[in-house]
Structure formats: structure tokens, C-alpha cells
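Chains, contacts and geometry: an overview
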Amino acid sequence: MIEGKRGGWYPPLFQVSIKSSIIGYLNPPIMELPISSKVKIIEKKHTNGNISLKGKLTNGNEEGYWIEYHQNGKVKSEGLYVNGEKSGVWMEYYNDGKLSKRCSYVDGKMEGVREEYHPKGYLSMRMNHHNSELEGETISYHPDQSVDYIGNYRNGSREGVWEGFYTFGGKSFTYHYENDLEEGLQINYRLSGCPGYM
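Predicted model, so just to flag it, every value in this text is computed and none were measured. (Residues numbered from 1 in each chain as written. Predicted model: local features only at pLDDT ≥ 70, side-chain atom pairs only at ≥ 80, totals over all residues. Heavy atoms only, no water.)

1. Observations concerning the pattern of salt bridges
- Following the criterion strictly, the structure yields seven salt bridges and no others.
- The salt bridge partner of arginine 158 is aspartate 180, with a shortest N-O separation of 2.9 Å. Separated by 22 residues along the polypeptide, arginine 158 in strand E13 (residues 157–165) and aspartate 180 in the loop between strand E14 (171–178) and strand E15 (181–182) bring together distant segments of the chain.
- Assessed through its relative accessible area of 26%, arginine 158 is described here as partly exposed.
- A salt bridge links glutamate 163 to lysine 171; the shortest N-O distance between them is 2.9 Å.
- By relative accessible area, which is 30% here, lysine 171 ends up partly exposed. (Salt bridge = Lys/Arg side-chain N within 4 Å of Asp/Glu carboxyl O. Helix = DSSP H or I, 4+ residues; strand = E, 2+ residues; numbered from the N terminus. Buried < 20%, exposed > 50% of the residue type's maximum accessible area, 1.4 Å probe, protein only.)

Okay, structure coming up:
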């Protein structure tokens, strides 16, 4: 100090303005979240003591990764929330841990392909959604993964030709729909392949 004033050379990091002090530089102000931005950790339990649900709330809305459990501790469902709405891929499981359903969400609404699985592990159904309504092709599968039936939805209603098939490949039915109502000739096929009209 020279006559009460700092003198000599100081490292660049300490060459602060008159409005700042060295102490202020070394101890910058703490950034605090707005009062309205409150995070609450959620953890619920089953009656047997095992965790049933885990996640967090931000400003009262579900946010981030959430996971739900069966009573035996196996995961029941898991996925992300954004601003209280489901987002991205969500998975659901049977209580033995096998996958039961996989679907995608945009702004809390089902969007795109949804797949459902039989408890034995094979794919049983593949369908499409738009704004949580069935839209486009839907396919059901036999245990050997051959097609059980196939058809289309429009705005949540069956539309056009739907066809069913036996496990050996023969056709089992041909139905026609318009706005979810049967329209025109509906045909069921015998195992021999001969049609039996409805």
C-alpha cells in the first residue's frame, strides 16, 4: 500500500472495476431460483413398503424421469414428463419384468407407433396414433408372429377393408367399414378357404 492506495502489479483476474472489490470477485453473488420455481421430490410406497412411484414436481407439474413400480419391486412404467405432459418414449411392463407396451408421446398425447406385447413376450399388436387417436394401419399378430388381422383407422374409427388370417396363412374374414360401421358385404372364410357370407 502506498499512501493508502494499492500499488504494484496485479494479475488480470484482479483488475476489477472500482464498483467491484477483490472480496466481491472471489465471492460472486449466489444465483437463486425464482420463488415460483419450486422442485418437490415425489416418492410413494405400496402397503408392503416397496416403492410404488418416484419422480419430481416443478411448480406443481411432473417434470423429468418418472418411474412406477409393481408391488414386487419390478418396474411397471417409465418415461419422461415435460411441463406436466408425457413426452418421448414410454414403456410399460408386466410384473415379471417383461415389456407389455411401448408408445411415444408429444405434448402429452400419443403420437406414432404403439406396440403391445403378450405376457409370453411376443409382439401382439402394432398400431398408430395421432393426437392420441388411432390413425392409419393396425396389425394384430398370432403367437408365431404371422398376421392375425390388419386394417386402418381414420380419426379413431375403422375405415376401409379389414382382413383376418388363420395361423396357417389362409384368410379368415374380409370386412368393410365406413366411419366405424360395417358397410357392404362382410365375408367370413372357412378353414377350407370357402367363403361363408354374413
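2. Some words on the nonpolar core
- Among the nonpolar cores identified, the biggest contains eight residues, and these are Ile42, Leu57, Trp66, Tyr81, Trp90, Cys103, Tyr105 and Met110.
- In contact with tryptophan 90, not counting residues within four places along its chain, are Trp66, Ser77, Glu78, Gly79, Leu80, Tyr81, Lys101, Arg102, Cys103 and Tyr105. (Core = buried A, V, L, I, M, F, W, Y, C linked by side-chain atoms within 4.5 Å. Contact = heavy atoms within 4.5 Å.)

3. Here we look at the side chain of glutamate 115
- Relative to the helices and strands, glutamate 115 is located in strand E8 (residues 112–117).
- The class of glutamate 115 is buried, set by a relative accessible area of 11%.
- A polar contact is formed between the side chain of glutamate 115 and the side chain of arginine 102, at a distance of 2.8 Å.
- At 2.9 Å, the side chain of glutamate 115 and the side chain of arginine 126 are in polar contact.
- Setting aside chain neighbours within four positions, we find glutamate 115 in contact with Ser100, Lys101, Arg102, Leu123, Met125 and Arg126. (Polar contact = N/O pair within 3.5 Å; in protein donor to acceptor, adjacent residues only side chain to side chain.)

4. Considerations on unusual backbone geometry
- One non-glycine residue, asparagine 59, lies in the positive phi region at around 55 degrees.
- Relative to the elements of secondary structure, asparagine 59 occurs in the loop between strand E2 (51–58) and strand E3 (61–69).
- Backbone geometry places aspartate 107, a non-glycine residue, at a positive phi of 55 degrees.
- Within the element layout of this structure, aspartate 107 appears in the loop between strand E6 (99–106) and strand E7 (109–110).
- On the accessibility criterion, aspartate 107 (63% relative accessible area) is exposed.

5. Topic: the pairing of E13
- Relative to E13, strand E12 (residues 147–154) is paired through five bridges, and the arrangement is antiparallel. Counterpart to asparagine 152 in the pairing with E13 is glutamate 159.
- Between the antiparallel neighbours E12 and E13 lie two residues, among them asparagine 155 with a positive phi of about 55 degrees.
- Pairing analysis gives six bridges linking E13 to E14, with the strands arranged antiparallel. Residue pairing for E14: phenylalanine 165 is matched across the bridge by lysine 171.
- Linking E13 back to E14 in an antiparallel pair, the connection comprises five residues, with glycine 169 at a positive phi of about 110 degrees. (Pairing = 2+ DSSP bridges.)

6. A few points about the environment of serine 140
- Structurally, the position occupied by serine 140 is in strand E11 (residues 136–141).
- Residue classification places serine 140 among the buried residues on the basis of a relative accessible area of 6%.
- Sequence spacing of serine 140 and methionine 127 is 13 residues, and the spatial spacing of their C-alpha atoms is 8.5 Å.
- Other than its neighbours up to four places away in sequence, serine 140 contacts Ser124, Met125, Ser146, Val147, Asp148 and Tyr149.

7. A closer look at the packing of aromatic side chains
- Within the structure shown, the criterion is met by eight aromatic pairs.
- When the centroid spacing of 5.3 Å and the interplanar angle of 90 degrees are considered together, the rings of tyrosine 153 and tryptophan 162 count as edge-to-face.
- Relative accessible area serves as the criterion here: at 17%, tyrosine 153 is assigned to the buried category.
- Taking the relative accessible area as the measure of exposure, tryptophan 162 reaches 5% and is therefore buried.
- Between phenylalanine 173 and tyrosine 175 the ring centres are 4.4 Å apart and the planes differ by 25 degrees, which places this aromatic pair in the stacked class.
- Following the ring pairs from residue to residue traces out a cluster consisting of Tyr149, Tyr153, Trp162, Phe173, Tyr175 and Tyr177. (Phe/Tyr/Trp six-rings, centres within 6.5 Å; stacked < 30°, edge-to-face > 60°.)

Interpretation note: all reported values are geometric properties and have no functional meaning in isolation.
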